[in-house]
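So the chains spell out like this:
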Amino acid sequence: MNFHGETINTSSTASATEAEIASASQRLALRPYFQSQNTGQRVWDEPPSGASTIVYASAEARKMAQAQLEEMRATYAQAASARRRERQAEERLLSG
């Protein structure tokens, strides 16, 4: 039962949560942002209009960002796996 006294189907709720986690994991992506040295303004995906000099991240910075992305994907996968185990334990308790 939820806060409003409604009965919740935990199986479908768990599946939805697991699907949302899996979907979110797949949407994680590296995106470049550009920052103006004059104004400090940051813009995603393309340099601000009027930029005269563009300095891209070093190979080391990109490598670190990729490692962080993979770590985040692993964290999402672990969360989905933990939720699946919780759901299975709940189902065993309810059926047992």
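Residues numbered from 1 in each chain as written. Predicted model: local features only at pLDDT ≥ 70, side-chain atom pairs only at ≥ 80, totals over all residues. Heavy atoms only, no water.

Turning our eyes to something else, we now look at the overall build of the protein chain. What the protein chain contains, in helices and strands, is two helices and two strands. Starting at the N terminus and walking to the C terminus, you meet the elements of the protein chain as α-β-β-α. Burial status across the protein chain gives 14% buried among its 96 residues. Restricting the contact set of the protein chain to residue pairs at least 6 apart, pairs at least 24 apart contribute 49%. Total accessible area on the protein chain stands at roughly 7900 Å², and carbon and sulfur atoms take up 53% of it. (Helix = DSSP H or I, 4+ residues; strand = E, 2+ residues; numbered from the N terminus. Buried < 20%, exposed > 50% of the residue type's maximum accessible area, 1.4 Å probe, protein only. Contact = heavy atoms within 4.5 Å. Areas by Shrake-Rupley, 256 points an atom, 1.4 Å probe, with all protein chains shown as cover.)

Take the packing of aromatic side chains next. For the structure shown, the criterion picks out two aromatic pairs. Between Tyr33 and Trp44, the aromatic rings sit 5.9 Å apart at their centres with planes inclined by 70°, giving edge-to-face as the arrangement. Of this pair, Tyr33 sits in strand E1 (residues 33–35) while Trp44 sits in strand E2 (residues 42–44), and the two are eleven residues apart along the sequence. The class for Tyr33 is partly exposed, based on a relative accessible area of 40%. Plain terms: the ring middles of Phe34 and Tyr56 are 5.8 Å apart, the flat faces sit at 85° to each other, and that makes the pair edge-to-face. (Phe/Tyr/Trp six-rings, centres within 6.5 Å; stacked < 30°, edge-to-face > 60°.)

Turning our attention to the confidence of the model for the protein chain. For the protein chain, per-residue confidence averages 78 on the pLDDT scale, and residues scoring 70 or more make up 79% of the total. Here helix H1 (residues 10–27) stands out as the least confident element of the protein chain, with mean pLDDT 65; helix H2 (residues 59–95) is the most confident, with 88. In this model, residues 1–10 is a region of pLDDT below 50 whose contacts with residues beyond four sequence positions or in other chains number six contacts. (pLDDT = per-residue confidence, 0-100.)

On to H2. In this model H2 runs 54 Å from its N-terminal to its C-terminal C-alpha over 37 residues, within 8% of the 54 Å that 1.5 Å per residue would give. By the burial criterion, the buried members of H2 are Leu69, Ala80, Arg83 and Arg87. (Expected span 1.5 Å × (residues − 1).)

Attention shifts here to unusual backbone geometry. Backbone geometry at Asp45 places phi at a positive 75°, although glycine is not the residue there. Residue placement: Asp45 occurs in the loop between E2 and H2.

This next bit is on the pattern of salt bridges. One pass over the full model with this rule turns up five salt bridges. Residue Arg31 is joined to Asp45 by a salt bridge in which the shortest nitrogen-to-oxygen separation is 2.8 Å. In this pair, Arg31 sits in the loop between H1 and E1 while Asp45 sits in the loop between E2 and H2, placing the two residues 14 residues apart along the sequence. You can call Arg31 partly exposed: its relative accessible area is 44%. (Salt bridge = Lys/Arg side-chain N within 4 Å of Asp/Glu carboxyl O.)

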